[in-house]
Amino acid sequence: RATSSSSTLGSGGGSWQAPAGGDRGVEAEVVRVATELSRAEARTAGSRLRELELESELRAALATRRCSSNVASSVHDTELAAAAAWRRAREAAAEVGEAQAALARR
């Protein structure tokens, strides 16, 4: 209940007013709500920090995966190039062998 001797919290019209006489129950409730609010803010801040840590881990994992993929692709490309080089070397060796055999027949 509001009276002319009550204290007003907040600003502007429609502000909450504590009952006259400084009711200890209301003060205790304000302290309890403020404490709960502080705890909720701390939990929210902790959750946000954890979210940022997880985002960072995810980015690092994706970067590592891309890097591994690039390395795997590079290794695969190198293996293909090596196989093609060996194939050309065998073909050249076969041609040289055929040429030597032709020379030996003459």
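Keep in mind that this is a model prediction, so the values were computed, not measured. (Residues numbered from 1 in each chain as written. Predicted model: local features only at pLDDT ≥ 70, side-chain atom pairs only at ≥ 80, totals over all residues. Heavy atoms only, no water.)

A.B. asks: When you look at the overall build of the protein in this model, what are you seeing that I'm missing?
C.D. replies: Within the protein, the regular secondary structure consists of one helix and two strands. For the protein, the succession of helices and strands along the chain, N to C, is β-β-α. A burial count over the protein gives 5% of its 106 residues as buried. Per element, the accessible surface of the protein, about 8,900 Å² overall, is 57% carbon and sulfur. (Helix = DSSP H or I, 4+ residues; strand = E, 2+ residues; numbered from the N terminus. Buried < 20%, exposed > 50% of the residue type's maximum accessible area, 1.4 Å probe, protein only. Areas by Shrake-Rupley, 256 points an atom, 1.4 Å probe, with all protein chains shown as cover.)

A.B. asks: When you look at the pattern of salt bridges in this model, what are you seeing that I'm missing?
C.D. replies: One side chain can pair with another of opposite charge once the charged atoms of both are near each other. Using the criterion set out here, one finds seven salt bridges in the structure. The partner of Glu57 in a salt bridge is Arg50, and the shortest N-O contact between them spans 4.0 Å. The partly exposed category is assigned to Arg50, whose relative accessible area is 41%. The partner of Glu55 in a salt bridge is Arg59, and the shortest N-O contact between them spans 3.8 Å. Taken together, the positions of Glu55 and Arg59, both in helix α1 (residues 24-105) and four residues apart, correspond to about one turn of that helix. Look at the salt bridges and you will find they share partners, linking Glu29, Arg32 and Glu36 into a network. (Salt bridge = Lys/Arg side-chain N within 4 Å of Asp/Glu carboxyl O.)

A.B. asks: Looking at this model, I keep getting lost on the confidence of the model for the protein. Mind explaining?
C.D. replies: Low pLDDT marks regions whose predicted coordinates should not be analysed in detail. For the protein, the mean per-residue pLDDT works out to 78, and 79% of the residues sit at or above 70. Taken element by element, the predicted model of the protein shows its lowest mean pLDDT in strand β1 (residues 7-8) (46) and its highest in α1 (85). When the criterion is pLDDT under 50, residues 1-12 qualifies, and its contacts beyond four places in sequence or with other chains add up to 16 contacts. (pLDDT = per-residue confidence, 0-100. Contact = heavy atoms within 4.5 Å.)

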